[in-house]
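A look at the structure
Take a look at the letters that make up each chain.
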Amino acid sequence: MLVLTRHPKQQIMIGDDIVINIVEVNGDNVRIAIDAPRNVKVYRGEIYRVIKEENRKAAAPADNIDLSQALPNVKD
């Protein structure tokens, strides 16, 4: 992990096309602006963790599925 000290109006560069601007520091709060290409997804950490967990649940095999309810109009 890289730990940097920055002040308002300073930047952090990630690669050639991602720029993190320090907008404001107010006590324990830091406001940043992220300039990244549209194809780069940027999430807050807590949102990213929820997305990953939901994706994990969706990909997990389902237990006890009643397939007779899948196609209710089909008769045996």
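The rules we used
Residues numbered from 1 in each chain as written. Predicted model: local features only at pLDDT ≥ 70, side-chain atom pairs only at ≥ 80, totals over all residues. Heavy atoms only, no water. Helix = DSSP H or I, 4+ residues; strand = E, 2+ residues; numbered from the N terminus. Buried < 20%, exposed > 50% of the residue type's maximum accessible area, 1.4 Å probe, protein only. Contact = heavy atoms within 4.5 Å. Phe/Tyr/Trp six-rings, centres within 6.5 Å; stacked < 30°, edge-to-face > 60°. Pairing = 2+ DSSP bridges. Patch = residues over 30% accessible without salt bridge, like charges linked within 9 Å, V, L, I, M, F, W, Y side chains within 5 Å. Areas by Shrake-Rupley, 256 points an atom, 1.4 Å probe, with all protein chains shown as cover. Salt bridge = Lys/Arg side-chain N within 4 Å of Asp/Glu carboxyl O. Axes fitted to C-alpha atoms, helices over the stretch in contact; angles between N-to-C directions.

A few points about the overall build of the protein chain
Counting its secondary structure elements, the protein chain contains 1 helix and 3 strands. For the protein chain, the sequential pattern of α-helices and β-strands runs β-β-β-α. Split into buried and exposed, the 76 residues of the protein chain put 5% on the buried side. Relative to all contacts within the protein chain whose residues are 6 or more apart in sequence, the contacts with residues 24 or more apart total 0%.

What about the packing of aromatic side chains?
Taken as a whole and judged by the stated rule, the model has 1 aromatic pair. A centroid spacing of 6.1 Å and a plane angle of 35° characterise the contact between Tyr 43 and Tyr 48, whose relative ring orientation is tilted. For Tyr 48, a relative accessible area of 40% gives the class partly exposed.

Side note on the pairing of strand β1 (residues 11-14)
In terms of strand pairing, β1 meets strand β2 (residues 18-26) through 4 bridges, oriented antiparallel. Paired with Ile 14 across the strands is Ile 18, a residue of β2. Hairpin connection from β1 to β2: 3 residues lie between these consecutive antiparallel strands, with Gly 15 at a positive phi of about 65°.

Observations concerning a nonpolar patch on the surface
Among the surface-exposed residues, Val 25, Val 30, Ile 32, Ile 34, Val 40 and Val 42 lie close enough to one another that they form a single nonpolar patch of about 480 Å² accessible area. Per-element accounting of the nonpolar patch gives the leading share, 3 residues, to strand β3 (residues 29-35). Structurally, the position occupied by Val 30 is in strand β3.

A word on the sheet that holds β2
The strand order across the open sheet formed by 3 strands is β1-β2-β3, and the pairing between neighbours is antiparallel. What marks the edges here is a single partner per strand, and that holds for β1 and β3. Averaged over all adjacent pairs, the angle separating strand axes in this sheet is 25°, with direction ignored.

Remarks on the environment of Glu 24
With respect to the helices and strands, Glu 24 occurs in strand β2. Separated by 15 residues in the primary sequence, Glu 24 and Lys 9 place their C-alpha atoms 7.8 Å from one another.

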